[in-house]
Amino acid sequence: MDTLRKYLAQVKVPCASDNVYKEECVYSFDNPETDTGLYVSLTSFLGFGEQYVRPYAERTGNRVFLHLKRDKIEIPDPSAADGAGGADGPEKKITRLAIGVEGGYTGAESKKYEYQEHYQVVVFDEPVVRLDYPNVDLPLQVQNAVEAVQKAEAASVKREREQMAGTWDGEIRQVSTHAAELLQLDNGKKIPPTGWKCEKCDLTSNLWLNLTDGSIMCGRKFFDGSGGNDHAVNHYKETNYPLAVKLGTITADGKGDVYSYSEDDMVEDPYLVKHLAHWGINVGQLEKTEKSMIELELDLNQRIGEWGILCESGSQLKPIAGPGYTGMKNLGNTCYLNSVMQVLFTIPDFVRRFVDGSKAIFDSFPSDPANDFNVQMAKLGTGLCSGRYSVLSESSLDTADSTTGGIAPTMFKALIGQGHPDFSTKQQQDAQEFFLHIISTLEKHSRHQANPSEALRFCIEDRVECCSSGKVMYNRRDEWCLPLQIPLQKATNLDEVKQYEAERAAAEREGRRLDPDALVRPKITLAACLDTFAQPELVEQFYSTAIGAKTTAKKTTKLASMPDYLLLHLKKFTLKEDWTSLKLDVAIDIPEVLDLETLRGTGKQPYEEELPDIAGREPTPPPMDPEVMEQLLGMGFPPEACKRAIFFTKNTGIEPATQWMMEHIADADFASPFVPPGTGGKSSSAAGTAFVPNPVGLEMLMGMGFSDRQATKALKETGNNTERAVDWIFSHTDELDSMAIDDATSDSVATAAAAAGSDGGAAGSKQGSSYRDGTGKYKLVAFISHMGTSAQVGHYVCHILKDGQWVIFNDNKV
């Protein structure tokens, strides 16, 4: 007790604004239920596992902790004893489009537990002192602190107070904005209780009643050819009447499937009973006779096809565990995150920085490790690679709630999604978009450090040839993912597809449906996708500096470097004519070995003549394409910004100019009078008194690894606004890298230039940067697959080649 009193001044009582990390270690996935429990600092309220608590105490001097140990005791299921369930009982039927909730995707029948908790106050001195709690002899300040920690909302729960942690429910619907004041026509229509039929065809199922005019039309066509003939949605396009209810789903309590065409989603109509009564429908006399949209989605997802194939439903799977075979729990539709991170941590560069280098990262003991990107990446990487949280149990293949069933990336998701409009939510997201978000975040946290994304970065070379003069222009840009369009017209089974489409069209005309098992998917080779990527593209209205006028140009795109690992993005999601998302239902043949040497860019050849640079035509002002200028002004951009965009994109058209606008809209001189570089003019920023940077902002930026010159430049461009300066820095890395090279020694500059090669400073690439460039031969080592009809629903899994065998990572099941 005397030792505790020695450190009594350290003990604090958490208030409402403090984050209390009492559910999980900030450096590992230890928690109160692991064998060694969790230690919560009574000074900083950070949680630590056994491995990290003593080093933290020694480093910071914070020595007083509350030790939490929770025993989890399974409550026997009476139904299992009666033979109604359990391991030998019937498989649980999925009845809800949800994850982690009753009736949803849990992987197995959820078990029920009761918990027994144990507490100790621990002082890490010599020797270590452990005092059981509750204990009336403890100082009152310590008792108050422990009681406050027990009552405090866990930091993870606090972040997601408005959402159910660990769940995702696809059946939660928002109230339609049209419901309260819905227009209903007095056209004399009354809907009979039976005998419904589409007013445009002979279909008698999947019928939708428009609540405004009482029309009855068939629903949308599903991706497999079933469903309706799109007459209801076509009716909306003609009338703009927004709400329709699916006949056959209406129940006696006034519930039913209501779709809002203008909101493009299933919605709730609190006034449905009243709206139906307008058409003479008494809901008390109705019975549900058709499957709801949720039930149809479940049927489509579970139908033998891509869902079963990608989850290896027909295979004899063997659960495995150990280092590199750790699953990740689904936190509520986070399968996209789980799949991407599993794949990234098979790349040696990621392992070297965040797993092999984890000790150095953790030993820095930042004040807020839960919000430190390096710490959370290292925590996730070591959790996946160590094997410590990957243990086989009796039902490892099906377990969904075991503490040994993988790790829960709660802190990582909260950090990586912070402030992001999509990744901060619990909605399903696109895996490729999340991958690019991770790469962007890595770029921000890798100055003066080894950036593992360099293993994936490559250089794209765009060659533009003026069709009038034959002169060329080369542009280069960095990419981390090669997008490939899917050419449906190059299907190897085109005749079979056309025959199937004809049979389906005939069936629709006759009011019958084809057997879903008769579905014929277009089969397309990866080689066809790569050929499409390499095909020349004709650029209309190209302004040629060689002839000083518009003409056509031919653009070809190739790879100027071949990275260590090449990520391909098969663009299966596309937009329909009405701008809604559509997933192509195709089969892509992926070879295990790929040779991309034919796609290698060669750079400017000796016999080629370059298009004159606009800047080389001074002192004549650069020609501004009047059509592009007019379009940009029509979008609301300032005239001077339009001039900048056209100049710096070399009059190559509206799309490059618009893109330039989006990337530079936060620039301090965005709308300032434009003076073309090299014309002898002086920009407005040159006038006035000498700039004095904010010393606090300067210190912060230099603490992030930037030089005095670079930090001063950023603050100058943003009017000494430190927050905007940080954003400015990460959108002007090329300019800052150039300043870094200027500051370096001549030997360093020579080394960088030699590494970059003759084209190292080409437009669009990082100045002085080098690319890892090997042969164009690749072996398939991993792939991420999406199951479902759109990017907003469905499920992601990944397959990874490890130790000579393919392993499927389906969230926490490996």
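Just so you know, these numbers come straight off a predicted model, no measurement behind them.

> What am I meant to see in the sheet that holds strand E9 (residues 216-218) here?
Through backbone hydrogen bonds, the strands of a sheet pair up, either in parallel or in antiparallel fashion. On the basis of which strands lie adjacent, the open sheet formed by 5 strands has the order E9-E8-E10-E11-E12 and antiparallel pairing. Every other strand in the sheet has two partners, leaving E9 and strand E12 (265-267) as the edge strands with one partner each. In this sheet, neighbouring strand axes are inclined to one another by 40 degrees on average, regardless of whether the strands run parallel or antiparallel. Of the pairings in the sheet, the one linking strand E10 (residues 243-246) to strand E11 (residues 258-260) comprises 3 bridges and is antiparallel in character. Bridge pairing in E11 places Leu243 opposite Ser260. Contacts between helix H6 (residues 231-239) and the sheet are confined to strand E8 (207-210) and E9, with E9 contributing the most and set at about 125 degrees to the helix.

> What exactly am I supposed to notice about helix H18 (residues 626-634) here?
Helical periodicity: at 3.6 residues per turn, an α-helix aligns residues three or four positions apart in one direction. For H18, the set of buried residues is Val628, Met629 and Leu632. The buried residues of H18 occupy an angular sector of 100 degrees when the element is viewed end-on, so they sit on one face. Residues of H18 that are exposed and point over 90 degrees away from its buried face: Pro626, Glu630 and Gly634. On its buried face, H18 sits against helix H19 (639-648) and helix H20 (654-664). You can read the cap of H18 off the contacts: a side-chain oxygen lies 3.0 Å from the backbone nitrogen of Glu627, and it is on Asp625. Of the residues trailing H18, Gly636 is marked for its positive phi of about 95 degrees.

> Would you explain the pairing of E8 in this entry?
Regular strands place their side chains on alternate faces of the sheet. Burial along E8 is two-sided: Leu207 and Leu209 facing one way and Trp208 and Asn210 facing the other are all buried. With 3 bridges connecting them, E8 and E9 associate as antiparallel partners. Bridging from a neighbouring strand, Trp208 pairs with Met217 of E9. Adjacent in sequence and paired antiparallel, E8 and E9 are bridged by 5 residues, among which Gly214 carries a positive phi angle near 75 degrees.

> I would appreciate a short explanation of the UniProt feature "active site" (unreviewed entry) in the protein in the present structure.
In this numbering, the UniProt entry assigns the feature "active site" (unreviewed entry) to Cys335 and His795. These residues run over 461 residues, yet every pair of their C-alpha atoms falls within 6.4 Å of each other. With respect to the helices and strands, the residue Cys335 is situated in helix H10 (residues 335-344). Apart from the residues lying within four places of it in its own chain, the contact partners of Cys335 are Asn330, Gln428, His795, Tyr796 and Asp811. One can find His795 in strand E26 (residues 795-802).

> I keep staring at the pairing of strand E14 (residues 472-479) and nothing clicks. Help me out?
By the bridge criterion, 8 bridges tie strand E13 (residues 458-466) to E14 in an arrangement that is antiparallel. The residue bridging Ile460 from the neighbouring strand is Arg477, located in E14. Hairpin remark: E13 followed by E14, antiparallel, with 5 residues in the connecting loop; positive phi at Gly470, about 80 degrees.

> When you look at unusual backbone geometry in this model, what are you seeing that I'm missing?
Note: most residues except glycine have negative phi, and most peptide bonds are trans. Cis geometry marks the peptide bond from Glu126 to Pro127; its omega dihedral reads -5 degrees. At the junction of Tyr133 and Pro134, the peptide bond is cis and its omega measures out at 5 degrees in the coordinates. Mapped onto the fold, Pro134 is located in the loop between strand E6 (129-133) and helix H4 (140-151). Here Phe45, not a glycine, exhibits a phi torsion of approximately 65 degrees, which is positive. In this structure, Phe45 sits in the loop between strand E1 (38-41) and strand E2 (47-48).

> When you look at the environment of Ser262 in this model, what are you seeing that I'm missing?
Position of Ser262 among the secondary structure elements: in the loop between E11 and E12. Assessed through its relative accessible area of 38%, Ser262 is described here as partly exposed. Taking the C-alpha atoms as reference points, Ser262 and Lys237, 25 residues apart in sequence, are found 9.7 Å from one another. Beyond its immediate chain neighbours, meaning those up to four positions away, Ser262 contacts His178, Tyr236 and Pro242. For Ser262, the side chain forms a polar contact with the side chain of His178, separated by 2.5 Å.

> Hey, could you run me through the packing of H19 against H20 in this one?
What describes two packed helices is the angle between their axes and the distance between those same axes. Orientation of H19 relative to H20, taken along the N-to-C sense of each, is 120 degrees, at an axis distance of 9 Å. Between H19 and H20, the angle is such that the two are oblique. As for how H19 packs across H20, the hand of that crossing is right-handed. Only Ala657, Trp660 and Met661 of H20 make contact with H19, whose side of the interface consists of Ala641, Cys642, Arg644, Ala645 and Phe648. Residue composition of the contact of H19 with H20, by class: 7 nonpolar, no polar and 1 charged.

> Just checking my understanding: could you explain the UniProt feature "binding site: substrate" (unreviewed entry) in the protein for this structure?
In the numbering used here, UniProt assigns the feature "binding site: substrate" (unreviewed entry) to Trp208, Arg220, Lys221, Phe222, Phe223, Tyr259, Tyr261 and Asp264. Position of Trp208 relative to the elements: it lies in strand E8.

Definitions and limits used
Residues numbered from 1 in each chain as written. Predicted model: local features only at pLDDT ≥ 70, side-chain atom pairs only at ≥ 80, totals over all residues. Heavy atoms only, no water. Pairing = 2+ DSSP bridges. Helix = DSSP H or I, 4+ residues; strand = E, 2+ residues; numbered from the N terminus. Axes fitted to C-alpha atoms, helices over the stretch in contact; angles between N-to-C directions. Contact = heavy atoms within 4.5 Å. Buried < 20%, exposed > 50% of the residue type's maximum accessible area, 1.4 Å probe, protein only. Arc of directions from axis to C-beta. Polar contact = N/O pair within 3.5 Å; in protein donor to acceptor, adjacent residues only side chain to side chain. UniProt positions renumbered as here; feature names shortened; annotations may be inferred. Parallel < 35°, antiparallel > 145°, perpendicular 65-115°, else oblique. Left-handed = near helix turned anticlockwise from the far one by under 90°. Nonpolar A, V, L, I, M, F, W, Y, C, P; charged D, E, K, R; others polar.

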